[in-house]
Amino acid sequence: MYKTRKLPNTRIDVADALRGIAVAGIILYHSVEHFNIFTQEPIDHALASDPTVADVLAWLLSGKMYGIFAMLFGLSFFIMNDNQQQKGKNFSGRFAWRMCLLFMFGVVNVAFYDGDILMLYACYGMLLIPISYMPSKWVWCIIALLVIQPVELYCLLTGTTLDHSTLWEMYGKINSAHEHGTFGENTLTNLQYGFEVNLRFNVFSGRLTQLLCLFILGMQLGRERLFYNEGHHLKIWHGILVCSAFIVVAMSFVDFGELESWLKPIYNFIILLMIVSAIVSAWYAFDGVRRVLHHLCIFGRMSLTNYLLQSIIGCFIFCGYGLACYHRLGITYAVLVGLSMVIFQYLFARYWFASHPRGPLEGLWRKLTWIGEN
């Protein structure tokens, strides 16, 4: 059974920067996808650069930003749990309540944006409770098992085929509401199908086990204190960067073919490791990098608020009940809209933190988490 090492868990600025990068990346890629509106209508303002922009951002952002978000979620769980253990308290019940609150935030979010991840994260988070009691050697075994994409590998070895027709039927209904429905019709459709369609998409894309893997990995990285510049930790990140970059380059020349459902999620996972290790290594190596990324720390400290805010703003911009930009803007212009959203939300975060210690929803979440605590 794992027990706290009773080491101080000071705030990890590079984790805030990573969180800010993840949320900003999520906003940009949601804009590429027109906030999950895949229209067959002609685009009014398309550019020749659209396919290239889509391919580059898909390689860099798709699946990686949500993954970084999940990993940092596990890290945050470790810090809160370890802090309570050091006080001689059990955090399990309080964390379960915290996940219930996150699920309710997700219900609010899915009313605007059908691609909400908070409800699924709340469910994944519950699994951290029993795993957190395990010794590290067993946790690493679980991580290793999940890294190899066991569901996809099983399907490949046995010839099992998963039926995803229901997923596409749901997407059709949701997409129709986004394009032609009123705000109320969008809300009802999202609430009806949002959670199930995201769960089914996680199965389809290989994220079902990968996100759980990243949750647990974040917790384990917290146990190992790898986000602190202590001992030989920076050398470990350098090693991860070199190895992951080599594997990414090698796999980029491989035609996955019939193995794509198994290898593509693993490929995305390694790209994620490359991104994270590059940022952590640069953060501790260069003062200039820290100064630049400090702005993203501000953005990352308000990650929950920014995530919900981007759903409200983005869906109003792209859905038919709002500005209907889903058929007006091509991908390049949509990315510029996403950048504008990031800048606006960053300026709002700076304004808010000038007089508040936490973001609006972060403060509410914390207050409700510890309700009844003396």
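All figures in this text were calculated on a predicted structure; none of them were measured in a lab.

Draft legend 1. Layout of the overall build of the protein. Of regular secondary structure, the protein possesses 16 helices and zero strands. Taking 21 Å as the expected radius of gyration for a compact globule of 374 residues, we find that the protein reaches 21 Å, a close match to that expectation. Expressed as lengths along the three principal axes of its C-alpha atoms, the size of the protein is roughly 60 × 50 × 40 Å. Sorting the 374 residues of the protein into buried and exposed places 52% on the buried side. Considering only contacts in the protein between residues 6 or more positions apart, those separated by 24 or more positions represent 83%. Roughly 17400 Å² of accessible area belongs to the protein as shown, and the carbon and sulfur atoms make up 67% of that amount. Taking the 26 positively charged and 24 negatively charged side chains of the protein as two groups, their mean positions are separated by 17 Å.

Draft legend 2. Focus on the packing of helix α3 (residues 64-86) against helix α5 (residues 118-131). Two numbers describe how α3 lies on α5: the axes approach to 11 Å, and their chain directions differ by 40°. Put simply, α3 runs oblique to α5. As for how α3 packs across α5, the hand of that crossing is right-handed. Between α3, through Y66, F69, A70, F73, G74 and F77, and α5, the contact on the second element is made entirely by Y121, G125 and L128. In the contact of α3 with α5, the residues fall into seven nonpolar, two polar and no charged.

Draft legend 3. The arrangement of a nonpolar patch on the surface in detail. Together, L47, Y333, L336 and L339 give the surface a local cluster of nonpolar side chains, amounting to about 320 Å² of exposed area. Its place among the elements puts L47 in the loop between α1 (13-32) and α2 (50-61).

Draft legend 4. Summary view of the environment of P360. Its location among the elements puts P360 in helix α16 (residues 360-369). On the basis of relative accessibility, which here comes to 28%, the residue P360 falls in the partly exposed class. When the C-alpha positions of P360 and F78 are compared, they lie 23 Å apart, and in sequence the two are 282 residues distant.

Draft legend 5. Spotlight on helix α6 (residues 136-147). Between its first and last C-alpha atoms α6 spans 16 Å; for 12 residues at 1.5 Å apiece the expected length is 16 Å, and the two agree. Taken as a whole, α6 has its buried residues at V139, I143 and L146. Projected down its long axis, α6 carries its buried residues within an arc of 65°, all on one side. Against the buried residues of α6 lie α5, α7 (150-158) and α10 (207-224).

Draft legend 6. Highlighting the packing of aromatic side chains. Summed over all chains, the structure comprises 22 aromatic pairs. Measuring from centroid to centroid gives 6.4 Å for F105 and W365, while their planes differ by 85°, and the two rings are edge-to-face. Note that F105 is positioned in helix α4 (residues 92-110) and W365 in helix α16, a separation of 260 residues in sequence. The same class applies to F105 as to W365, namely buried. Grouped by ring-pair contacts, the aromatic residues F69, F73, Y121, Y124, F215 and Y307 constitute a single cluster. Above the ring of F353, the side-chain terminus of R301 is found at 4.2 Å from the ring centroid.

Draft legend 7. Here's a closer look at the side chain of Q310. By the element assignment, Q310 lies in helix α14 (residues 303-318). With relative accessibility at 0%, the residue Q310 sits in the buried group. Apart from the residues within four sequence positions on either side, Q310 is in contact with I27, H30, F35, C315, M341 and Q345.

Draft legend 8. Summary view of unusual backbone geometry. Phi is positive for F35, which is not a glycine, with a value near 55°. The topology assignment puts F35 in the loop between α1 and α2. Residue classification places F35 among the buried positions, given a relative accessible area of 1%. In this structure, N36 takes a positive phi of about 65° despite not being glycine.

Draft legend 9. Representation of the nonpolar core. One finds I68, L102, Y121, I216 and F227 to be the most contacted residues of the largest nonpolar core, which totals 107 residues. Membership of the second largest hydrophobic core comes to six residues, among which are L167, I174, Y193 and V197.

Draft legend 10. Structural view of the packing of α14 against α16. For the pair α14 and α16, the least separation of the axes is 6 Å and the interaxial angle reads 120°. By the angle between their axes, α14 is oblique relative to α16. Where α14 crosses over α16, the two elements pack in a sense that is right-handed. Contacts from S303, L304, T305 and L308 of α14 reach α16 at P360, L361, E362 and W365.

Draft legend 11. Up close: α4. Over its 19 residues, α4 runs 27 Å from end to end, which matches the ideal 27 Å to within 8%, given 1.5 Å per residue. Listed in full, the buried residues belonging to α4 are S92, F95, A96, R98, M99, L101, L102, F105, G106, N109 and V110. Of the surrounding secondary structure, the elements contacted by the buried residues of α4 are α3, α5, α9 (183-205), α14 and α16.

Draft legend 12. Structural context of the side chain of N81. Mapped onto the elements of the fold, N81 is located in helix α3. Accessibility expressed as a relative area gives 10% for N81, which makes it buried. Beyond its immediate chain neighbours, meaning those up to four positions away, N81 contacts F91 and S132.

The rules behind each value
Residues numbered from 1 in each chain as written. Predicted model: local features only at pLDDT ≥ 70, side-chain atom pairs only at ≥ 80, totals over all residues. Heavy atoms only, no water. Helix = DSSP H or I, 4+ residues; strand = E, 2+ residues; numbered from the N terminus. Rg over C-alpha atoms; globule rule 2.2 N^0.38 Å. Buried < 20%, exposed > 50% of the residue type's maximum accessible area, 1.4 Å probe, protein only. Contact = heavy atoms within 4.5 Å. Areas by Shrake-Rupley, 256 points an atom, 1.4 Å probe, with all protein chains shown as cover. Lys, Arg positive; Asp, Glu negative; His and termini not counted. Charge placed at Lys NZ, Arg CZ, Asp CG, Glu CD. Axes fitted to C-alpha atoms, helices over the stretch in contact; angles between N-to-C directions. Parallel < 35°, antiparallel > 145°, perpendicular 65-115°, else oblique. Left-handed = near helix turned anticlockwise from the far one by under 90°. Nonpolar A, V, L, I, M, F, W, Y, C, P; charged D, E, K, R; others polar. Patch = residues over 30% accessible without salt bridge, like charges linked within 9 Å, V, L, I, M, F, W, Y side chains within 5 Å. Salt bridge = Lys/Arg side-chain N within 4 Å of Asp/Glu carboxyl O. Expected span 1.5 Å × (residues − 1). Arc of directions from axis to C-beta. Phe/Tyr/Trp six-rings, centres within 6.5 Å; stacked < 30°, edge-to-face > 60°. Lys NZ or Arg CZ within 6 Å of the ring centre and 35° of its normal. Core = buried A, V, L, I, M, F, W, Y, C linked by side-chain atoms within 4.5 Å.

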